[in-house]
Amino acid sequence: MAPRTETTEGAPDSPPASPAPQQQQRGFLLSPNGKGGASGTKAGANGLPVSDRDSTSSRVGPEYQCSHIPAYRGRWCEQTPGDDDDAKDSEALHTHCSARLVSDAELLSLENGSNKKRSKAWTQGEQEAFYLGLHLFGKEFRSVQKLVATKPIAAIVQYYYDDFKYTTAYRRWREASVKWGIKGEQFVCGRKQSKLLQGLVARAGLGKRQSDKLQSFAREWNEGSLSLEQFVLKVADAAGRDTLVQEVDLS
């Protein structure tokens, strides 16, 4: 005979066991009809649901949210041959994505084919004079324009924002002027000034009269009788703009 189990009369019943918490679904895949759901999925190693179908396949097509994969246009917005719709935007794309990086050796020359028209309008000498002007005068574009001399002020401003800002030369100039606080006066004073005047005389083959004139300009600049712009433009007029560009030490 089985032993009798005695129960205490009036003892409260034990509370029912709480249901096990359901694991929160951390993600879901979109079905072809656009509705999310967990059907047809199973948990992966990281706890995220994985489709029964090949988990690495792309969901691309008319029945999905992504109807097609756009054509690759290149790292710097270069237009690559694609479908007819992409080809229609080629001209506008080259107009807005024409800036390119340049090497240190080539300084400011823009090699990319999408910018050939604009780069042809600027000679190497003009680009180097522009670069020197920025180091000397900063973003005083009127002073830069006077040094370049062969371009109007509108072309100077447009070249700065449309082309120069996307070159390695721009990054070097910004680092020198902003990070290190190097001012234009530092390139034409002290030892650099003596080296500059000697280099100008030798490179341009100037006679004693012209050499004395350069020394006179330097003296007036050192005494404060000439502004930086006036001194630079007088020297450029006496020795030649390109000669000045080649002799100024920007290091």
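The structure presented is a predicted model; accordingly, all values stated were derived computationally and were not measured. All chains use their own residue numbering, which begins from 1 and follows the written sequence. Selection of residues for local features in this predicted model requires a pLDDT of at least 70, selection of side-chain atom pairs for listing and counting requires 80 or more, and totals for whole chains, interfaces and linings are taken over all residues. Computation of side-chain values: all heavy atoms of the structure, hydrogens and water removed.

Details of the nonpolar core
By size, the foremost hydrophobic cluster in this structure holds 39 residues, and its most contacted members are Phe130, Phe164 and Leu244. Of all elements in the fold, only helix H4 (124–137), helix H5 (141–148), helix H6 (153–162), helix H7 (168–179), helix H8 (190–204), helix H9 (208–223), helix H10 (228–239) and helix H11 (241–247) reach the threshold of two or more residues within this core. Dropping the residues within four chain positions of it, Phe130 is found in contact with Trp122, Val144, Val148, Ile156, Tyr159, Tyr160 and Phe164. Among buried residues, the Ala, Val, Leu, Ile, Met, Phe, Trp, Tyr and Cys ones that are joined through side-chain atoms within 4.5 Å form a nonpolar core. In this scheme, a residue with accessible area under 20% of its type's maximum is buried, one over 50% is exposed, and one in between is partly exposed, where area comes from a 1.4 Å probe on protein chains only. Segments assigned H or I by DSSP are reported as helices when at least four residues long, segments assigned E as strands when at least two residues long, and all are numbered from the N terminus. We call two residues in contact when some of their heavy atoms are within 4.5 Å.

Quick look at the side chain of Lys151
Relative to the assigned elements, Lys151 resides in the loop between H5 and H6. In protein, a polar contact requires one atom able to donate a hydrogen and another able to accept it; more generally it is a pair of N or O atoms within 3.5 Å, and residues adjacent in sequence count only if both atoms are side-chain atoms. Here Ala121 takes part through its backbone oxygen, which lies 2.5 Å from a polar atom of the side chain of Lys151. Apart from residues no more than four positions distant in its own chain, Lys151 is found in contact with Ala121, Trp122, Glu126, Gln145 and Ile156.

What to know about the confidence of the model for the protein
Every residue carries a pLDDT, the predictor's confidence in it, which falls somewhere between 0 and 100. For the protein, the average pLDDT comes to 73, and 57% of its residues sit at 70 or higher. Between residues 24–41, whose pLDDT stays under 50, and residues either more than four places distant or in other chains, the model counts 26 contacts. Confidence over residues 76–117 falls short of pLDDT 50; this stretch has 65 contacts with residues more than four positions distant or in other chains.

Remarks on H6
When H6 is considered as a whole, its buried residues turn out to be Ala155, Ile156, Tyr159 and Tyr160. Projected onto a plane normal to the axis of H6, the buried residues spread over an arc of 135° and lie on a single side. Along its buried surface, H6 packs onto H4, H5 and H7. What the arc measures is the spread of directions leading from the helix axis to the C-beta atoms.

Notes on the packing of H4 against H6
Here the axes come from fitting lines to C-alpha atoms, over the contacting stretch only for helices, and the angles between their N-to-C directions go from 0 to 180 degrees. Their axes nearest at 12 Å, the elements H4 and H6 cross at an angle of 85°. With respect to each other, H4 and H6 are oriented roughly perpendicular. Note on element contacts: H6 touches H4 through Ile156, Tyr159 and Tyr160, opposite Gln127, Phe130 and Leu134. A class-by-class count of the residues in the contact of H4 with H6 yields five nonpolar, one polar and no charged. Note on angle classes: values under 35 degrees are labelled roughly parallel, values over 145 roughly antiparallel, values of 65 to 115 roughly perpendicular, and the remainder oblique. Gly counts as polar in this scheme, as do all residues outside two lists: the nonpolar Ala, Val, Leu, Ile, Met, Phe, Trp, Tyr, Cys and Pro, and the charged Asp, Glu, Lys and Arg.

Details of the packing of aromatic side chains
The pairing test for Phe, Tyr and Trp rings, Trp by its six-membered ring, is centres within 6.5 Å, and the orientation test on the planes gives stacked under 30 degrees, edge-to-face over 60, and tilted for anything in between. For the structure on display, the rule yields 15 aromatic pairs. Here the aromatic cluster, defined as three or more aromatic residues joined through ring pairs, consists of Trp122, Phe130, Tyr131, Phe141, Tyr159, Tyr160, Tyr161, Phe164, Tyr170 and Trp173.

A few points about empty space enclosed by the protein
The gaps left among the atoms become clear once a water-sized probe is rolled over them. Using protein atoms alone on a 1 Å grid, points that fit a 1.4 Å probe yet trap it form a cavity, whereas open point sets bounded by protein on both sides within 12 Å along at least five of seven lines form a pocket; residues with an atom within 4 Å of a point count as lining. Grid points are joined across faces, edges and corners, and a volume is the space filled by probe spheres set on the points. Under the defined criterion, the tally for this structure stands at two cavities of 30 Å³ or more. Roughly 40 Å³ of volume is contained in the largest cavity. Per-element accounting of the lining of the largest cavity gives the leading share, three residues, to H8. Reported here for the second largest cavity is a volume of approximately 30 Å³. The residue inventory of the lining of the second largest cavity, partitioned by class, reads eight nonpolar, no polar and no charged.

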